[in-house]
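Fold and geometry: a report
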Amino acid sequence: CFTFWDIGLSDYTSIWLVQPVGRFFLVLDWQEWEGEPGSMMAEHLRAWESKWGITIAGHYVPHDAARRSPNDGKSYLETLNESGLRNVQVVPRTPDIWLGIGYTRDILPACWFNATACDTERIHNGEEFPSGVACLEGYSKDISATGSTLREMPKHDVFSHSADAFRTFAEAWKR
C-alpha cells in the first residue's frame, strides 16, 4: 500500500491510501485535514496501518514538499522524516498540469474505491465537506480572461485538494 498526498501548507492536506492489485488499484482510504502540521501525519498514517492491518510501503508527496518554510527553515519533507515517516518520495512537478490531469483520467477506470472510507462526507467543526470521491467528481476548471486571452486552470476550491492528491498518485504511477 502507498499514500499519495497534496500538502496544505496553509490549508488542507489530503491523502489517499492505494493498494495496487494486478492491473487494478484498490483505493482503500482517504482523508483530509485542515491545519494539521506535518508532524501529526505520521500518527494519522500509523492509525491507518492499524485499521487496515497493513504496512505502508511508501509515501508520495508533491514537489512543493521539498520547499523550505520561512518559519523554521525546514521543508515539509524534513518534518515528515523527523516525525518517523520513512520511504517518502517527492514526485517532481509535471511540466504541464493538464498532463497530470490526463494521467488521472487514464488511471481512474482501473480504480476501485472503498465506498465507506472514500465516499463519505467528512464533518469538520460542524460543517459538512465533500467525500474524496465527490472531490474527484467536483474538480473543475476556472476560466479567466486577461485582455484578449483566456486562461484555463484548475479551480482552487473545496474539491481541489483531494483531487490534487489523486493527481499526485497518477503522476507518480506514470513515472
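So, here is what we can say about the structure in this document. The structure presented is a predicted model; accordingly, all values stated were derived computationally and were not measured.

What counts, and where the lines are drawn
- Residues numbered from 1 in each chain as written.
- Predicted model: local features only at pLDDT ≥ 70, side-chain atom pairs only at ≥ 80, totals over all residues.
- Heavy atoms only, no water.
- Helix = DSSP H or I, 4+ residues; strand = E, 2+ residues; numbered from the N terminus.
- Polar contact = N/O pair within 3.5 Å; in protein donor to acceptor, adjacent residues only side chain to side chain.
- Contact = heavy atoms within 4.5 Å.
- Pairing = 2+ DSSP bridges.
- Axes fitted to C-alpha atoms, helices over the stretch in contact; angles between N-to-C directions.
- Phe/Tyr/Trp six-rings, centres within 6.5 Å; stacked < 30°, edge-to-face > 60°.
- Buried < 20%, exposed > 50% of the residue type's maximum accessible area, 1.4 Å probe, protein only.
- Lys NZ or Arg CZ within 6 Å of the ring centre and 35° of its normal.

Moving on to the side chain of histidine 44. With respect to the element layout, histidine 44 can be found in helix α1 (residues 38-52). A distance of 3.4 Å separates a polar atom in the side chain of histidine 44 from a polar atom in the side chain of tryptophan 33. Ignoring any residue separated from it by four or fewer positions in sequence, one finds histidine 44 in contact with Trp33 and Glu36.

Turning our attention to the sheet that holds strand β6 (residues 111-113). Strand order in the open sheet formed by six strands is β5-β4-β1-β2-β3-β6, with mixed pairing between adjacent strands. Strand pairing shows two members of the sheet lacking a second neighbour, β5 (88-91) and β6, which therefore form its edges. On average, each strand axis in the sheet is inclined to that of its neighbour by 30°, with strand direction left out of account.

Tallied over the full model, the rule gives 14 aromatic pairs. Ring centres 5.2 Å apart and planes at 15° place the aromatic pair phenylalanine 4 and tyrosine 60 in the stacked group. Of this pair, phenylalanine 4 sits in strand β1 (residues 2-6) while tyrosine 60 sits in strand β4 (residues 58-62), placing them 56 residues apart in sequence. Judged by its relative accessible area of 2%, phenylalanine 4 is buried. Of the residues examined, tyrosine 60 reaches a relative accessible area of 18% and is grouped as buried. Aromatic rings pair up to connect Phe2, Phe4, Trp16, Phe25, Trp30, Tyr60, Phe113, Phe166, Phe169 and Trp173 into one cluster. One residue, arginine 122, lies across the ring of phenylalanine 129, its end atom 4.5 Å from the ring centre. Residue placement shows lysine 141 over the ring face of tryptophan 98; its charged tip is 5.8 Å from the ring centre.

Before going further, it helps to spend a moment on the environment of tyrosine 139. Relative to the helices and strands, tyrosine 139 is located in the loop between α5 (132-138) and β9 (141-146). When the C-alpha positions of tyrosine 139 and isoleucine 107 are compared, they lie 16 Å apart, and in sequence the two are 32 residues distant.

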